[in-house]
Amino acid sequence: MRAPNFFYKGLGFAVLKRRVIKIALPIAAAALVLSACGSDDDGDKKKDGGSTAPGNSGGGNKPTWTIGFQAGLSGENAQLGINEENGARLAVEQANAKGDLPFTLKFKTSDDEASETKSVSAAQKLIDDSNVVAVIGPAFSGPTKAASPNYAKAKLATVSPSATNPSLTNPENNFTAFLRGAPNDNAQGGGMAKYLSKKLQVKKVFVVDDKTEYGVGLSKVAKDELTKAGVQVVSDSVPKATPDYGPISTKIKNSGADAMIYAGYYQDGAPFAKKLKEAGFNGPKFSGDGTNDAQFVSLAGDAANDWFLTCPCADANVEAATKQFTDDYKKRFNTNPSTYSAESFDIANLVIDQMKSFGAEKITREGMLTKLKGASYKGLTKTFKFKQNGEFDGATTFIYQVKGGKIGYMGDIDQLVGG
Amino acid sequence: MQPDEILDYLIPGIMLGALYAVIAIGYTLVYGVLQLINFAHSEVFMVGAYSALLALTWIDPSTNPTALVSVLLVAAGLAVSGTAGAATAFALEKVAYRPLRRRNAPRLAFLISAIGASYFLQNLAGKLFGRDSRALPTLFENKKVFSVFGTQVTILQLLIVCAAVLMMVGLDYLVNRTKLGSGIRAVAQDAETAGLMGVDIDKVISRTFIIGGFMGGIAGFLFGLHLQLSFTMGFLPGITAFAAAVVGGVGNIRGAMMGGMLLGIVESFSSPIFGESWRYVSAFAVLVLVLMFRPTGILGERLGRSA
Amino acid sequence: MTTTTTDFAPTAATLAKLRRKRWYQHPMYGRLVGTVAAAVLLDVMSGPQGSREDVFFSLDKSLGSMRVVWWILGAVALWAVMEFGKPLYQRFLGPKVGPLDRFTTPVTEPVKAVTAQARAKTADLRRIVWVRLGFSAVVIGLLILLPNLLSTFWNQVLVNEVAIYVLLAIGLNVVIGWAGLLDLGFIAFFAIGAYSTAYWTGAMPVDPPFKLNAFLVIPVAVATCLLAGLLLGAPTLRLRGDYLAIVTLGFHEIIYLIAKNADGFTNGPRGVQGISNFGIHIGPIDYDWELDPVPYWYLLIGIATILIIAFLRLEHSRVGRAWTAIREDEVAASATGVPTVKFKLMAFAIGASTSGIAGVAYASKARFISPESFLLLFSVLVVAYVIFGGMGSLWGVIIGTAFLAWLPQYMKDWVDPNDRFMYLGALLIIMMIYRPQGLIPSVRRKRELSMAKAGLGDADAMSEPAGGRMT
């Protein structure tokens, strides 16, 4: 547009003509490349972990082995993947820094964007690297389903801290290299149902899931178990990132249910809790380990009070070891550990433990898989043992309740209910 | 659904509809002057919310401020989010759209540039503020103010609807009564002729973006108060609001307001009628139905060129 | 507003006053502001990742430290060199030629001459059918050899991302590039193809009347997608460009949500597992495509080649010319007797069925699908790929798509994976600013655009410059 010149008078903006773009953009592009390289350096430092730590500098002829890690590190669901990545990375760095390993440990991440479309190639990246002897991940059940046949073919063990869909360990799948590092959804759903029906003796429960694989799985088990126990069940699904939890809260209030279960993650549990409080629903409210996170309380504020949260993890928050972990984590990553950080840390240590047991022998993928299947390791969060089909051994569910802005430990559900 | 529950769903529906309407106006304005689906508008919305979070945390880091402080915080939040939204939209136009206009780029190139800008802003916010959800402080503790036939209305709902209505009335005045408004309408109708008549098209387009961004930013803040913040928070409300703009007749400001309200209320009622998971299906079904019978939306195009 | 009043009678003095520029209005200060803003942005972009406790953490580290000062100083220095260095250079060293041309001209000029000559020669050659066939054969031969040069990881990427998206882009190119219809719901047909595969191979919770081999699903899926395309297209293709975009976008959301919510049929968000692979079991031939990506690569090359040949023939047929006519001026086309709705519908349905074929290939390769494989984002991305490559130009679209599908994978090793999409977004903007017509624009498109720029004739609805022409 060529407007008469005097129209530009007094316009600061008008001087920013095409030339600005002409000059600024190549600079931006060049700097972009530079900064990309710069952050690559950072990334490499990050990736190499503690390989330059003092304890290792002498061992020139130590073999190098790599622990792989697959999860979504970019895109919408990146947070969970980042939590797990940091936990595992911390374990690897600490193991290297100790200096008593018979090998040098490396950590290699592969981003699957939490998408099953990208999962196969992300897995292949780790499989192709013959130094990778075990993989932590994938974080979600969908990518796990997509990638597990390839891992099984390569006999590369994957230990997932968070893929809790029960069907993954179904023998028909032939996911022979898959090990689940957490109890599956059945355990928690059953625990909730038991507590509601036996301890609180409610008549009618409203079950809401978030339409994610996790939420649907958990709510299905809870619904089945509640129905079995003779409790009336009403249910609805609220896809995560719904813009308004008002209508569903009203619906729950009006349904006359005595209690409700939310099967989903804290990101959506928190606004839901707020709207439930606003709607005036006062019955017991339950949620699973996806919501059992300090962030739930900080997001929901007062509305989180009195929520019951189940978890396959015992309360370890007070133990000295966990405190140490929290401090180290905070120091390394500038942020507090979050959902599955500690589990991932534990699993990395479990893997390192098994690698150590090879002693002077050469570590093979197949050997790792066999060893991991027979492993028993007591970590910060729980004791890790696996059944023959790769299922996590042990299904104790613990229950917590939010009180005064803190998630307080109540105990083992079976013990609380009394049989 | 019982008849006496209608208000229980209508009031949240109106609130949500008001938010959609305000966002939809941003889309409609830009579409009016540029015939461009401004995909990055949802990120302007997100930036508004985050800037308010920064400001509010900076002023008062406590999560449960008192009523007096709350009023102050709301005022600050509105001011900051509006400014940040306007600034983002302005920069967006300057960097992602204006150079393309200078080069006579085809319209689809604008679309891709918009998608790129949206991607960029979203992931930049994810990087800067963490990819986890965040909450704005709970202002007024969501106290009820009054009840209509037994249905409670909260301060927040009132605030959102009032702010939205005020903005819409202001905008309507601005577009229909002021010099800038007639410039916007002129450019929307025929940019070339408007230019020949002495309208500075660049300036009009730039200011249109600023107005849309201002409203989008404030909508982001209000939405953040109502729900919470995350770096992808703009996507779904953005898509729905654009659908609302189309339902009302894209390029038509009053149409956008109407479309937003309609979709908000339809979504709210789809919860008791079809189940919550069919919420978006109902919104888009309304869109398809409306377009089948009125191909240019309910009110038809007004700002833009007639079909 | 800058509308002038009617009684505005400028005197020489007022005009001079209006025309006078203050020192800060000089364009070079605008460039300074731009450069500094870019530097600050880059500082923020290259800062540390944010913290979930402290909103200010990342900003503090990038803006609240000395880093930002260095960035700004660097930007100012760069600006100064560019602004003041150039006149100095021109004055003393190179009065006529630009700073770089001085060094490049001796090299580029002969090269330019040679390439021009070569181009003229190849233009003759390209008219000979055998040369063209031979050239295509060489390209296909190279593509067949390609997997042997790459690691298995890159083969997976080639099949899962590059080849599938190239198939999709070839289909979408018909819709956007040739017929000029903006389709933002292209992945919906991909999903229909994938779920058809799941259904007809018996992997869904609902059993089909009889099970089919994955190859035989292709025609079924094509038919299903054609039908879906017609059902969606018939009422909506009467709409103008942007309305069509939002309706197709809505259609995508509806398909996605049905896949997610119809638990009894699609197994909802948990997805469908155990879809059977491609396989040939006729007489003595007994072959199954399994986990290895390379056989899929050959298969997909085959499918793509057939489609490309078919589409190229279509482009230059009566149908293709009708599409061009509709794209360039729909009113004129229909006035001269082109049944516009019919041809638009045809383009839409052809695109849809190509997407369906890609869906079959994807589902059969992945063996597992869930609604999350068909996000709206992917629909938007395919459109971006097509336009990035140069819509309407088949080769441009193929190369552009392959590049953009490959790039994020490549970037994984270079940048922090968390930030990949930030760089990708920036790349899209920069690309559109410098090359809005795409990597390899189609010849006809290029002419349409240049004509529109010169004010001769009108480009089509989709490629018309927004906001009026800027001359």
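Because the structure is predicted, anything quoted here is derived from the model rather than measured.

Undergrad: What am I meant to see in the nonpolar core here?
TA: Grouped burial of nonpolar side chains is what soluble globular proteins tend to show. Counting 356 residues, the largest nonpolar core has B:Leu19 and B:Ala21 as its most contacted members. Element by element, the count of residues in this core is highest for helix H7 (residues 152–178) of chain C, at 19 residues. The residues touching B:Ala21, leaving out its near neighbours within four places in the chain, are B:Ala164, B:Met168, B:Ala244, B:Ala256, B:Met257, B:Gly260 and B:Met261.

Undergrad: Honestly, helix H8 (residues 186–200) of chain C in this entry has me stumped. Any pointers?
TA: An α-helix turns once every 3.6 residues. As a result, residues three or four positions apart point the same way. All names here are of chain C. With 15 residues, H8 extends 22 Å from end C-alpha to end C-alpha; this agrees with the ideal 21 Å at 1.5 Å per step. Taken across its 15 residues, H8 has 15 buried, putting it largely inside the fold. Positive backbone phi, approximately 80°, marks Gly 202, located one or two places after H8.

Undergrad: Quick question: what am I supposed to make of the domain arrangement of chain C here?
TA: By convention, interface size is frequently given as the accessible area that disappears when the constituent parts associate. Domain annotation of chain C identifies domain 1 (26–43 + 60–95) and domain 2 (155–384). A straight line from the C-alpha centre of domain 1 of chain C to that of domain 2 of chain C covers 49 Å.

Undergrad: Just to check I follow, could you spell out the environment of C:Leu15 for this structure?
TA: Within the secondary structure layout, C:Leu15 lies in helix H1 (residues 12–19). A C-alpha to C-alpha distance of 46 Å links C:Leu15 and C:Arg67, two positions 52 residues apart in sequence.

Undergrad: Where do I start with the UniProt feature "transmembrane region" (unreviewed entry) in chain B in this structure?
TA: Residues annotated in UniProt with the feature "transmembrane region" (unreviewed entry) correspond here to residues 6–30, 42–59, 71–92, 104–125, 145–175, 204–223 and 229–248 of chain B. Between the first and last C-alpha atoms of residues 6–30 of chain B the distance is 35 Å; the span itself is 100% helix and 0% strand.

Undergrad: Which parts of the structure should I look at to understand the sheet that holds strand E4 (residues 157–160) of chain A?
TA: All names here are of chain A. The sheet built from five strands is open, its strands ordered E2-E1-E3-E4-E5 with parallel pairing. Each having just a single partner strand, strand E2 (104–111) and strand E5 (178–180) make up the two edges of the open sheet. Each strand of the sheet is rotated relative to its neighbour by a mean of 25°, with strand direction disregarded. Note that E4 and E5 share three bridges and pair parallel.

Undergrad: Explanation requested: the packing of helix H2 (residues 27–45) of chain C against helix H4 (residues 66–92) of chain C in the structure shown.
TA: Residues and elements named next belong to chain C. At their nearest, the axes of H2 and H4 sit 9 Å apart, and the two run at 145° to each other. Here H2 and H4 pass one another in a crossing that is right-handed. Across the interface between the two elements, Met 28, Arg 31, Leu 32, Thr 35, Val 36, Ala 38, Ala 39, Val 40, Leu 42 and Asp 43 from H2 touch Arg 67, Val 68, Trp 71, Ile 72, Gly 74, Ala 75, Val 76, Leu 78, Trp 79 and Glu 83 from H4.

Undergrad: For this particular structure, what's the right way to read the sheet that holds strand E13 (residues 398–403) of chain A?
TA: In a beta sheet, neighbouring strands pair by backbone hydrogen bonds and run either parallel or antiparallel. All names here are of chain A. On the basis of which strands lie adjacent, the open sheet formed by seven strands has the order E7-E6-E8-E9-E10-E13-E14 and mixed pairing. Because the sheet does not close on itself, it has two edges, and the strands there are strand E7 (232–237) and strand E14 (406–412). Strand-to-strand twist in this sheet, taken as the mean axis angle between neighbours without regard to direction, amounts to 25°. Relative to strand E10 (residues 307–311), strand E9 (residues 285–287) runs parallel, the two being bridged by three bridges. Looking at the pairing, Lys 285 lines up with Trp 307 of E10. Of the strands in this sheet, strand E6 (204–209), strand E8 (259–263), E9, E10 and E13 touch helix H5 (residues 185–199), which is tilted by about 140° from E10.

Calculation rules
- Residues numbered from 1 in each chain as written.
- Chains lettered and ligands numbered in written order.
- Predicted model: local features only at pLDDT ≥ 70, side-chain atom pairs only at ≥ 80, totals over all residues.
- Core = buried A, V, L, I, M, F, W, Y, C linked by C-beta atoms within 7 Å.
- Buried ≥ 20, exposed ≤ 12 C-beta atoms within 10 Å, placed from the backbone.
- Helix = DSSP H or I, 4+ residues; strand = E, 2+ residues; numbered from the N terminus.
- Contact = placed C-beta atoms within 7 Å.
- Expected span 1.5 Å × (residues − 1).
- Domains from an automatic or database assignment.
- UniProt positions renumbered as here; feature names shortened; annotations may be inferred.
- Pairing = 2+ DSSP bridges.
- Axes fitted to C-alpha atoms, helices over the stretch in contact; angles between N-to-C directions.
- Left-handed = near helix turned anticlockwise from the far one by under 90°.

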